[in-house]
Amino acid sequence: MYPSYDVIVIGGGHAGCEAAHAAATLGSSVLLITMNMQTIAQMSCNPAMGGVAKGQIVREIDALGGMSGIVTDKSMIQFRMLNRSKGPAMWSPRAQSDRMVFAQEWRDTLEANLNVDIWQEMATEIVMEGDKITGVKTSLGVVFNTKSVVLTNGTFLNGLIHIGEKQFGGGRSGEHAAKGLTEQLVGLGFEAGRMKTGTPPRVDGRSLNWEKMQEQAGDENPEKFSYSDTTTTLTKQRSCFITYTSNAVHDVLKTGFDRSPMFNGRIQGLGPRYCPSIEDKINRFAERDRHQIFVEPEGWNTCEMYINGFSTSLPEDVQYKALRKIEGFENAKMFRPGYAIEYDFFPPTQLKSTLETKLVENLYFAGQINGTTGYEEAASQGLMAGINAHNKIKEKEAFILKRSEAYIGVLIDDLINKGTDEPYRMFTSRAEYRILLRQDNADIRLTQLGYDLGLASQDRFNAVEKKKKEIDNVVETLKETSIKVNHANPLLNERELQPLSQGIKANQFIKRPHVDINLTMEANPSLKEAFNGYGEKALEEAEILLKYENYIEKEQKLAEKLTTLESYKIPEGFDFKSITALSSESREKMTKVAPLTLGQASRISGVTPADVTILMVYLDKQKV
Ligand SMILES: Cc1cc2nc3c(=O)[nH]c(=O)nc-3n(C[C@H](O)[C@H](O)[C@H](O)COP(=O)(O)OP(=O)(O)OC[C@H]3O[C@@H](n4cnc5c(N)ncnc54)[C@H](O)[C@@H]3O)c2cc1C
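Residues numbered from 1 in each chain as written. Predicted model: local features only at pLDDT ≥ 70, side-chain atom pairs only at ≥ 80, totals over all residues. Heavy atoms only, no water.

Draft legend 1. Structural context of the site of the ligand. Taken together, 35 residues lie near the ligand, and A15, A123, N153, Q368 and G374 sit nearest. One of the side-chain N or O atoms of T373 is found 3.1 Å from a nitrogen atom in the ligand. G374 is positioned with one of its backbone polar atoms (N or O) 2.7 Å from an oxygen atom of the ligand. If the ligand stood free it would expose 980 Å²; the protein chains cover 96% of that surface. Listed by contribution, the elements that provide at least two residues to the shell around the ligand are α1 (14-26), β2 (30-34), β12 (193-199), β19 (339-345) and α9 (375-393). Ranked by the residues each element gives to the shell around the ligand, the list is headed by β12, at three residues. Looking at side-chain class alone, the shell around the ligand contains 15 nonpolar, 17 polar and three charged residues. (Near = heavy atom within 4 Å. Polar contact = N/O pair within 3.5 Å; in protein donor to acceptor, adjacent residues only side chain to side chain. Areas by Shrake-Rupley, 256 points an atom, 1.4 Å probe, with all protein chains shown as cover. Helix = DSSP H or I, 4+ residues; strand = E, 2+ residues; numbered from the N terminus. Nonpolar A, V, L, I, M, F, W, Y, C, P; charged D, E, K, R; others polar.)

See the structure below:
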């Protein structure tokens, strides 16, 4: 009676939306089953996208043809490029979004895609015939037939919310927990665990004294996330504000510690070390007499404020009292208390690099259920799972990104090989090739791949090809152009920079500290003419390539070296247990992860370089 689908995506969060959009855009018929259509792409916590390493991920999603960047641009109320004072590998775009507009934009995006159907209900079971997926069953008993399933349940699987001593089932504040799926999957042989996370209270901005806080405005020249020209840049922005806790705030918070689920051991599961609750911060950093708080607006037209840095599961009366001790919060009114939530996740070592499970063919896991935290991490996994679910049923090649190609590659490689014992969030330090994986060049790294898949549009492809040409021209022209002393030195003196003692080529001139492409063009106006009409981003990119040429080359060489191990294939189903020269720990871990290349095997935690050599020798012998 109901149509059957190529792909069913369970869960309309950040992972589910990208998965549904990707598979449908590639041509699969997709059903998105989600518990509440009103909360599609709900930002459960902070209404912000991007930030350090996460901003790079959003740009990568965009370059591949995903939608998180465009949706962010359309809902943005403030943009900042973080870490501008550091090297370009660290520059990270971050946007504050209007929470409601963000969700609406995602819903509009999905509704505009005629290959996506939506069904609002709880999915309770994956229907199998033998070991083959045939459908998904819902709580009403409706069965939809499908060839593959992408599971993206977020924090909803057996979710349990804690506020002080109170606890109740829920996937997010005001939403039901999802039941049934974990139990079925564990029955099928999957390993499941518990994790936890928390969110701060939201307060009424009308009750705050802004005079007592420090304003943090957006960038003077705000950028966008997307490389496409589907949106325009912001012409007005909303500011955030900074204030601090104090010993008085801490003293009030401490009065609730004996009723806090964080301290009386009632919350199970592993929490995010990098995003601790305020009670955790006071406890762990007892020597500090204040912690920074960012007061962030939740949208264009709302007075609701997100109190970043004040995540808590203390009793609501303690939260309220403590808030009012914060500078500027003396008369604060609370809209919603903060809370903690614990939920089921599936250790991601049970996945292949396509995010397909090893145990059940055509079943994919993406997002928070893989032990990650963050919208960006979730969205990127959804994108990859959606692409791979489509590719597999259409008998196309698996789509896997290398560690040297994308943060998304690093994320998935870390998850499937190392697993995670706390909610995994991305950091620049997790990427060994972070000088290659910059936010500015994600389109150059990935758009061709997205275009070849059929996900990135012709317009995007043309735009990146034009940018590449312009960059090449700028680099080549600078190499051939001289900068004369009498032109450059007045400009350098004006800026109190070291003068030239003799003329140099422009590509050397630009490498000097505090010299950028604009100053270089001023030092030889013929360059301005040569680059007339070129995109600002192409000029900036050329500057980065020349300024950091040596570092970039060094990393490129390292990445090429690694490719040798990466291209060393291990046959699927290989019997690692048969190599007795390996330690039993390594045999066990390799059997569990089932790496498909020597590179992948080398990254399994506990596997030594000696093990890799033994494996290589063994594989070589088999080839003979
Ligand atoms: C309280 C809280 C605090 C958080 N704090 C932070 C933080 O500080 N920093 C950070 O980076 N991230 C934080 N997060 C995490 C962030 O919200 C998630 O990482 C991100 O939303 C995960 O995206 P997702 O798509 O995997 O799941 P979600 O966004 O949770 O979406 C899951 C979707 O699946 C649907 N669903 C679930 N089960 C079913 C089912 N059986 N049938 C149908 N539909 C179903 C739900 O309705 C929902 O729409 C927090 C989350 C919560 C809840």
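Draft legend 2. Up close: the pattern of salt bridges. This model, assessed by the stated rule, comprises 44 salt bridges. Between D204 and R206 there is a salt bridge, with the nearest N and O atoms lying 2.8 Å from each other. A salt bridge links R403 to E432; the nearest nitrogen and oxygen atoms lie 2.8 Å apart. Of this pair, R403 sits in the loop between α9 and α10 (407-418) while E432 is found in the loop between α10 and α11 (442-453), placing the two residues 29 residues apart along the sequence. Judged by relative accessible area, which is 6%, R403 ranks as buried. Three or more residues are tied together by salt bridges with common partners; here these are R403, D413, D414, K418, E432, E566 and R603. (Salt bridge = Lys/Arg side-chain N within 4 Å of Asp/Glu carboxyl O. Buried < 20%, exposed > 50% of the residue type's maximum accessible area, 1.4 Å probe, protein only.)

Draft legend 3. Fine view of the packing of helix α2 (residues 54-64) against α11. Across the interface, α2 lies against α11 with an axial gap of 7 Å and an inter-helix angle of 35°. Crossing hand, α2 versus α11: right-handed. Of the residues in α11, those in contact with R59, E60, A63 and L64 of α2 are A442, D443, R445, L446, T447, L449 and G450. (Axes fitted to C-alpha atoms, helices over the stretch in contact; angles between N-to-C directions. Left-handed = near helix turned anticlockwise from the far one by under 90°. Contact = heavy atoms within 4.5 Å.)

Draft legend 4. Structural context of the sheet that holds strand β18 (residues 334-336). Strand order in the open sheet formed by six strands is β14-β15-β16-β17-β13-β18, and the pairing between neighbours is antiparallel. Looking along the sheet, the strands with just one partner apiece sit at the ends: β14 (214-216) and β18. Between one strand axis and the next, the sheet turns by 35° as a mean value, whatever way the strands run. Pairing analysis gives two bridges linking strand β13 (residues 202-204) to β18, with the strands arranged antiparallel. Looking at β18, one finds that V203 is bridged to M334. Strand contacts of helix α8 (residues 316-323): β13, β17 (304-308) and β18, with the helix running at about 140° to β18, the strand carrying the most contacts. (Pairing = 2+ DSSP bridges.)

Draft legend 5. The side chain of S207, seen in detail. In this structure, S207 sits in the loop between β13 and β14. With relative accessibility at 12%, the residue S207 sits in the buried group. For S207, the side chain forms a polar contact with the main-chain oxygen of D204, separated by 2.6 Å. When sequence neighbours within four positions are dropped, the list of residues in contact with S207 reads N331, A332 and K333.

Draft legend 6. Fine view of helix α19 (residues 584-593). What α19 keeps buried is the set S586, M590 and V593. An end-on view of α19 places all buried positions within 70° of arc, on one side of the element. Exposed residues pointing more than 90 degrees away from the buried face of α19 are listed as S584 and E588. In this structure, the buried residues of α19 make contact with α10, α20 (598-602) and α21 (609-623). Phi turns positive one or two residues past the end of α19, at A594, with a value near 50°. (Arc of directions from axis to C-beta.)

Draft legend 7. Quick peek at the environment of L446. Relative to the helices and strands, L446 is located in helix α11. The class of L446 is buried, set by a relative accessible area of 0%. Through-space distance from the C-alpha of L446 to that of A406 is 8.0 Å; in sequence the pair is 40 residues apart. Leaving out residues up to four positions away in the same chain, L446 has contacts with E60, A63, L64, L401, E405 and A406.

Draft legend 8. Looking closely at the packing of aromatic side chains. Summed over all chains, the structure comprises 13 aromatic pairs. Centre to centre, the rings of Y451 and F461 are 4.0 Å apart; their planes meet at 10°, and the pair counts as stacked. You can see Y451 sitting in helix α11 and its partner F461 sitting in helix α12 (residues 458-480), a full ten residues away along the chain. For F461, a relative accessible area of 15% translates into the label buried. For R84, the ring lying beneath its charged end belongs to W91, and the centroid distance is 4.5 Å. Here R290 stacks its cationic end above the ring of Y244, 3.6 Å away from the centre of that ring. (Phe/Tyr/Trp six-rings, centres within 6.5 Å; stacked < 30°, edge-to-face > 60°. Lys NZ or Arg CZ within 6 Å of the ring centre and 35° of its normal.)

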